[in-house]
Amino acid sequence: MGTSTVEAARPAADAESLYRRLEDRILARDQVGASATYYDLFRAGRPLTEIVGQAVRIHAPYTHVPYHERIDDGYVNFVNNDHCLLSARVSMHLSKMLPGKLAGLPMAQTIWYIPTGLDIWNQKINKMPGHYARGVKFPPGEAPKPQVVWPDQEPLRLDGPLRERLDRWMTHVHRGQVIDAYRVFLGLMENPAERQEVLAELVFAGLIDLQDRALHNRSYTTGHKSFRARATVELGNAVGWDRAHDVVYAGALDIAVGPRWYSTYEMASNAVKMLIEGEALHAVPYRGASEREIALLGNTGALSAGEEQALVRTLIREPEPAYIDAVVGLLLAGKSPRRILDAIQVGAAQVILETQNTLNFSLPQHCAEYCNTMAWFFDNFAHKQRIKLLLTAAAYLNRAAWHQKFTGDLDPVEIKASAAAAGLSAERILDRVQEAILALDGPSGIAWAQAYLDTGADTAPLAYRVALAATRIGNDPHNQELASCLLEDYAKNRSPGRDRLLLAAVQHTAVHRKYGDHLEASRRFGEALDVAELR
């Protein structure tokens, strides 16, 4: 017997009702109610891409800020970037690493966070409850509704060659003309034949927006513009660009929101001009990328273990400009830019491993995510400015390392396998790794992880255990983000020292500061979905 039209439409109608309830609970900042609705969606078998798309639709208007800095009575304060969109992107990656019902846990953490991640600007001045206003006592009664800072817009379509239109968009971004930049970007996205190049420029604009100092600062971009741009690309690809307007609204508009710092990228551009092209700088405008610079993108040479160790040492132990000369020297010697980036990732992992203060992970964790985003950019876009960006990533790592040194971290660590691993099976060692991470015991987690590596067994089970532990720990998307980035890099990295990426994933997941009951969301998910190992 055929299915009637009413019966066929019922699942969609039921889902629509659930999404209305999800929106209501999110805007009411009801973590428990929003999570319960997600469980219903998960039980109903709604596709993850659909759930992600609807979650982004709900939070998109409320996760922008008017500016990422405030000056309050003469004091400069930083206003955080949105993690709702970033958490959704990571959820889609982590869900692929987990079997069965566990695949729904990463998105459960995202849904748990979203009600606390709305209207960050007002959270920071204690006018709005949420993640960034923890510990603040608000008056009784209903909290104010989250504010829409930048309303959605209609496309503005430009004429002329694509390169000229992209430059006009970048000019709006550079000048902080948020609405004009967003409208032009919407217009640029309308032609599918041009979309890949448009998206490449979006991510490029994020990657070049990087602070020019770090010590004693709390106001810096930490690469978040690039993370948001990447999330826009990946989520747009996942939900389909004909249904991705809310994703673009959530991610692309922020690129022009200030402040913007391009001085690190300017340094990289000038270093290429002087040290690679052999030119003396003049007070004339430069543009594009030279033939010699582009030719370096074709380098195929790998780094030896000694070359990698020397580069990492220069990047994290020596002051500027030693790292510039080191990277340029490797490029001119025919080394692959992508393989140099592998070594930079290992250096970023080493800085995480040498960070012991739970409150001091801001620069190391964002540097590692920036290097991860940079590698993804290299692998997905043939953008002509990648040599300059390689130097930008190196600069970020050097700056992050010296920040840690001057703030009391960055002490070399000796990593030893746990002596208690003798006689244990590989599976029992993995149990110990996971137990240590969930107990927030970084040193033990690393010692057990090294013991597993020393067995020579397949590393995929270790990566799985780290991913599972990371998805169980909630209340801050960084707990999932950094593990996901480091595990992704480990899978792609070809350097001799890539095991450091796995160990750094253990270290960050266990040691980075936690908020509240960090296992509450995963426990609720386990109880609701009858997942024994989460209860």
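Residues numbered from 1 in each chain as written. Predicted model: local features only at pLDDT ≥ 70, side-chain atom pairs only at ≥ 80, totals over all residues. Heavy atoms only, no water.

Draft legend 1. Representation of helix 21 (residues 460–472) in the model. Compared with an ideal rise of 1.5 Å per residue, which puts 13 residues at 18 Å, helix 21 spans 18 Å between its outermost C-alpha atoms and is within 8% of the ideal. Helix 21 sits mainly inside the fold: ten of its 13 residues count as buried. Along helix 21, the residues classified as buried are L462, A463, R465, V466, A467, L468, A469, A470, T471 and R472. (Helix = DSSP H or I, 4+ residues; strand = E, 2+ residues; numbered from the N terminus. Expected span 1.5 Å × (residues − 1). Buried < 20%, exposed > 50% of the residue type's maximum accessible area, 1.4 Å probe, protein only.)

Draft legend 2. Inspection of the side chain of E488 at higher detail. Locating E488 in the fold gives a position in helix 22 (residues 478–492). Residue classification places E488 among the buried positions, given a relative accessible area of 14%. In this structure the side chain of E488 is engaged in a polar contact, spanning 3.3 Å, whose partner is the side chain of K492. For E488, the residues in contact, after removing those within four places along its chain, are H93, R230 and N372. (Polar contact = N/O pair within 3.5 Å; in protein donor to acceptor, adjacent residues only side chain to side chain. Contact = heavy atoms within 4.5 Å.)

Draft legend 3. A look at a nonpolar patch on the surface. Together, M274, L275, L281, V284 and Y286 make up a nonpolar patch on the protein surface, roughly 400 Å² of accessible area in all. Inspection of the secondary structure puts L275 in helix 12 (residues 263–276). We classify L275 as partly exposed; its relative accessible area is 38%. (Patch = residues over 30% accessible without salt bridge, like charges linked within 9 Å, V, L, I, M, F, W, Y side chains within 5 Å. Areas by Shrake-Rupley, 256 points an atom, 1.4 Å probe, with all protein chains shown as cover. Salt bridge = Lys/Arg side-chain N within 4 Å of Asp/Glu carboxyl O.)

Draft legend 4. Representation of the packing of helix 4 (residues 84–95) against helix 10 (residues 224–239) within the structure. Two elements in contact, helix 4 and helix 10, have axes separated by 9 Å at closest approach and are oriented at 50 degrees. By the angle between their directions, the pair helix 4 and helix 10 is classed as oblique. At the point where helix 4 passes helix 10, the crossing takes the left-handed sense. On helix 10, the residues touching L85, L86, A88, R89, M92 and H93 of helix 4 are H224, F227, R228, R230, A231, T232, E234, L235 and A238. Counted by class, the contact of helix 4 with helix 10 contains eight nonpolar, three polar and four charged residues. (Axes fitted to C-alpha atoms, helices over the stretch in contact; angles between N-to-C directions. Parallel < 35°, antiparallel > 145°, perpendicular 65-115°, else oblique. Left-handed = near helix turned anticlockwise from the far one by under 90°. Nonpolar A, V, L, I, M, F, W, Y, C, P; charged D, E, K, R; others polar.)

Draft legend 5. Structural view of the side chain of N475. With respect to the secondary-structure elements, N475 resides in the loop between helix 21 and helix 22. Polar contacts involving the side chain of N475 include one to the main-chain carbonyl oxygen of Y515, which spans 2.6 Å.

Draft legend 6. Quick look at the pattern of salt bridges. Counted according to the given criterion, the structure contains 33 salt bridges. Put simply, R43 and D40 hold a salt bridge, and the shortest N to O gap is 2.8 Å. With R43 and D40 both in helix 2 (residues 31–43) and three residues apart, the pair spans about one turn of that helix. The salt bridge partner of D431 is R465, with a shortest N-O separation of 2.9 Å. Of the two residues, D431 is situated in helix 19 (residues 426–438) and R465 in helix 21; the sequence distance between them amounts to 34 residues. Residue classification places R465 among the buried positions, given a relative accessible area of 9%. A single network of salt bridges, built from pairs that share partners, joins R89, R230, E234, E488 and K492.

Draft legend 7. Expanded view of the packing of aromatic side chains. One pass over the structure, following the stated rule, counts eleven aromatic pairs. The aromatic ring of W448 is capped on one face by R432, whose charged end is 5.8 Å from the ring centroid. When the ring centre of Y490 is taken as reference, the NZ or CZ atom of R498 above it lies at 4.1 Å. (Phe/Tyr/Trp six-rings, centres within 6.5 Å; stacked < 30°, edge-to-face > 60°. Lys NZ or Arg CZ within 6 Å of the ring centre and 35° of its normal.)

Draft legend 8. Molecular detail of empty space enclosed by the protein. Applying the stated criterion to the full structure yields two cavities of 30 Å³ or more. In this model, the largest cavity occupies a volume close to 60 Å³. Lining the largest cavity are H68, E69, F78, N81, S219, Y220, T221, H224, K225, P259 and W261. Taken together, the residues that form the lining of the largest cavity break down as four nonpolar, five polar and two charged. Forming the boundary of the second largest cavity are L86, R89, F227, R230, E369, N372, T373 and C485. Those elements giving two or more residues to the lining of the second largest cavity turn out to be helix 4, helix 10 and helix 17 (362–380). Residues belonging to the lining of the second largest cavity are distributed by class as follows: three nonpolar, two polar and three charged. (1 Å grid on protein atoms, 1.4 Å probe; cavity = no way out; pocket = protein on both sides within 12 Å on 5 of 7 lines; lining within 4 Å. Points joined across faces, edges and corners; volume = space filled by probe spheres on them.)

Draft legend 9. Focus on the pairing of strand 2 (residues 75–78). The pairing of strand 1 (residues 69–72) with strand 2 spans four bridges and is classified as antiparallel. If you follow I71 over to strand 2, its bridge partner there is V76. Where strand 1 hands over to strand 2, the hairpin turn is made up of two residues, of which D73 adopts a positive phi near 50 degrees. (Pairing = 2+ DSSP bridges.)

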